[in-house]
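The primary structure of each chain is shown beneath.
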Amino acid sequence: MTAVLSYEAILADRDAIMRASVGIDYQHYVTGVLAFDYERLLADTGYDIPRTQAVQSRTGVGNTPLIELHHITSLVRSLAAPGKGARIFVKDEAANPSGSFKDRRASLSVHEAKRRGYEGVVAATSGNYGAAVASQAAKAGMRCIVVQEAFDSQGIAQPEIAEKTRACEAYGAEVIRLSVGPELFYMFLCVLKETGFFNASLYTPYSILGIETLGYELVGQVQEQTGCYPDLVIATHAGGGNVTGTARGLHKAGAIGTKVVAASVDLAGLHMASDRDFNRKSFTTGHTGFSMPFTTWPDRADVPRNAARPLRYIDRFVTVTQGEVFYMTQVLAELEGLERGPAGNTSLAAAFSMAQGLDADQIVVIQETEYTGAGKHPIAQLNLAKQMGVEVRRGDPRENKPGQRIVIPEHPSQIAVLDVDLDHVRSSYVRHALQSTHAEQPLSEIDLDFLAAETRSSRNYVEEIANEWHRTTG
Amino acid sequence: MAEYIKKGTWVEIHRIVLAGGQRAPQVPVETQQVPLEMRVKGFLAQRASLGDEVEIVTSAGRRLRGMLTDVNPAYTHNFGSPVPELLMIGREVRTILGETGGGG
Ligand SMILES: Cc1ncc(COP(=O)(O)O)c(C=O)c1O
């Protein structure tokens, strides 16, 4: 960096840097103290399904196969009550150019950056999205910088992130690798300010609208293969874009009755900003370390308003353990001949459990896979876990303890989702929203309706929580 | 007798962005105590030796300064040894499905 600006100076300049780097005037959509016009923010981009498909097909993004997992369905039925055990399908998103559904998000972001005349794109991501942006930027002839949280203070790289570093560099991107900590955001702002590049955030409207085609496509494919709509679509859930974009696409394809499930790996007890915990997580995404904070308060993102708003869309929120996901990753490889994952298989583990409770003629869709390879694989993660002193053994997955013990099930009947209490998540969201208003600005009717829409509840529900919150804080 | 690394060589630099003790207030103690470090790769702008303060030109065309720490840095992430706890899963589930473990 030519000029190194202080931490405080950069954070103080945050709003101006953001405005210049996303090209959206978020202020324009504000309708109340808390409320903003979410649908208009998305609609004003002009990307409906056909236009998004046109952009994506130009770089070979999307139109991934939907594969029925016959053997896994048989295994489910061998464990389920008579007449139970739904058919399980998976959408093989690993078939996208950079190996995950993140290409859908990156394609619209990069397309938009190019259209607006930016010279390059910057993304703050340690995951698949970095490779997706780098791949799209390469195709568009744009420069690309990816900022990663990559290694701990001992210099030990998280192997999955090391693989993303390699992939990004293979696509010709500059990769800034940082040690552990949320100050990554400061570096990200420094780079945006210095370069004037586009902020290819995971949370802009482009990044969410790009995923709608996933939900839209899968409805058509399920209908083609079965003549029905899917009963359950399960999405691996972290920052909330995956479930938001997919659910919107399902609705646009007319799958109104389809239930949407968000599934995360349970990482309770591990701190996301901890240098010590960093290499004891064994998962870099799809876990509760992201999904809990982002579901209870989406507007903690790197743009003023997050276009990923999961509580508007999810019918159920479940967790599975690290060991259960590793187990199912192995089952997918050996029974279905698909070596994929690891994080994307979170929804696979959830599907395996949930399908047992559904009727045999019902349909469950795991809405994505991701590519696998060196570093990005259960073997690499379990070897690292052992090196870090985490115990790895077979046993009852209920004994799994993130950071201390990874328990690989001994029998598939032990795999069972745990429900996150959505009511708890909703009230937590409302409290976060109220906290964000700072002063005693009274909420208008518009704000109450907005919060009700955000949480799929009612004005009464919101008012009750608000009253309770004012009693305990006031 | 420092060995010079030629201008234009693909290298990695290292820089301390925030010193230990000067981290963001919200980070836990174990993170607070250690520095925020940065590593970036690029082409060496001037011939130099390991440990020198140097400038690189990155893939995005930026000029960055830091300490020269590595030359043509290797990608060392891999799989490692097969994990015994995963090895039997395939056989077990095939047995449940009533198939034999071997070929077929
Ligand atoms: C393969 C895969 N699945 C799921 C997710 C979760 O998506 P989101 O962060 O939008 O919830 C990610 C994101 O990191 C991912 O890379």
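Please refer to the structure placed before this passage.
Residues numbered from 1 in each chain as written. Chains lettered and ligands numbered in written order. Predicted model: local features only at pLDDT ≥ 70, side-chain atom pairs only at ≥ 80, totals over all residues. Heavy atoms only, no water.

A few points about helix α16 (residues 422-435) of chain A
Since the α-helix packs 3.6 residues into each turn, any two residues three or four apart lie on the same face. Residue and element names in this part refer to chain A. Note the threshold: Strands are runs of DSSP state E lasting at least two residues, helices are runs of H or I lasting at least four, and both sets are numbered from the N terminus onward. Expected span, for any helix, means 1.5 Å times one less than how many residues it has. Three exposure classes are used, based on accessible area relative to the maximum for each residue type with a 1.4 Å probe and protein chains only: buried under 20%, partly exposed in between, and exposed over 50%. The contact rule is simple, with two residues in contact once any of their heavy atoms fall within 4.5 Å. By the criterion applied in these results, polar contacts are pairs of N or O atoms within 3.5 Å in which, for protein atoms, one can donate a hydrogen and the other can accept it, and in which residues neighboring in sequence qualify only through two side-chain atoms.
With 14 residues, α16 should cover 20 Å at 1.5 Å per step; its first-to-last C-alpha distance of 20 Å lies within 8% of that length. If you check which residues of α16 are buried, you get L422, V425, R426, S427, S428, Y429, V430, A433 and L434. Buried positions along α16 lie against α12 (288-296), β9 (316-320), α17 (445-454) and α18 (459-473). Its side-chain oxygen at 3.0 Å from the backbone nitrogen of D423, D421 defines the N-terminal cap of α16.

Observations regarding the site of the ligand
Residue and element names in this part refer to chain A. For clarity, the threshold we go by: In these notes, residues near a molecule or strand are those with any non-hydrogen atom within 4 Å of it. All accessible-area figures derive from a Shrake-Rupley calculation using a 1.4 Å probe, and residue coverage is judged against the displayed protein chains alone.
Around the ligand, the structure places 14 residues, and the nearest of them are K102, A238, G239, T285 and E368. Here an oxygen atom of the ligand and a side-chain polar atom of K102 are 2.7 Å apart. The side chain of E368 places a nitrogen or oxygen atom 2.6 Å from a nitrogen atom of the ligand. Protein coverage of the free-state accessible area of the ligand, which is 390 Å², stands at 94%.

Some words on the pattern of salt bridges
Pairs may arise between side chains of opposite charge once their charged atoms sit close together. Put simply, the test is: A carboxyl oxygen of Asp or Glu within 4 Å of a side-chain nitrogen of Lys or Arg is what we treat as a salt bridge.
Enumeration over the complete set of coordinates arrives at 44 salt bridges over all chains. For A:R177, the salt bridge identified is with B:E12, shortest N-O distance 3.0 Å. Separated into two different chains, A:R177 in strand β5 (residues 174-179) and B:E12 in strand β1 (residues 10-18) make up a pair that spans both. A single burial state applies to A:R177 and to B:E12, both of which are buried.

Regarding the interface of chain A and chain B
Here is the rule we go by: Put simply, buried area is how much 1.4 Å-probe accessible surface two parts lose in total, over both of them, once they are put together. Ten residues, namely Ala, Val, Leu, Ile, Met, Phe, Trp, Tyr, Cys and Pro, are considered nonpolar, four, namely Asp, Glu, Lys and Arg, are considered charged, and the remaining ones, Gly among them, are considered polar.
Across the boundary between the two partners, chain A contributes 63 residues, which contact 46 residues of chain B. Where chain A abuts chain B, roughly 4400 Å² becomes buried across the two surfaces, and 61% of that area is made up of carbon and sulfur atoms. Applying the counting criterion to the chain A and chain B interface returns 8 salt bridges. For A:E334, the salt bridge is made with B:R94, and the minimal N-O distance between the two is 3.3 Å. Across the chain A-chain B interface, the total number found is 23 residue pairs in polar contact (both at pLDDT 80 or more). For the side of chain A that touches chain B, the secondary structure elements donating two or more residues are α5 (70-79), β4 (143-151), α8 (159-170), β5, α9 (184-195), α13 (322-336), α15 (378-387) and β11 (391-395) of chain A. By residue class, the composition of the side of chain A that touches chain B is 31 nonpolar, 17 polar and 15 charged.

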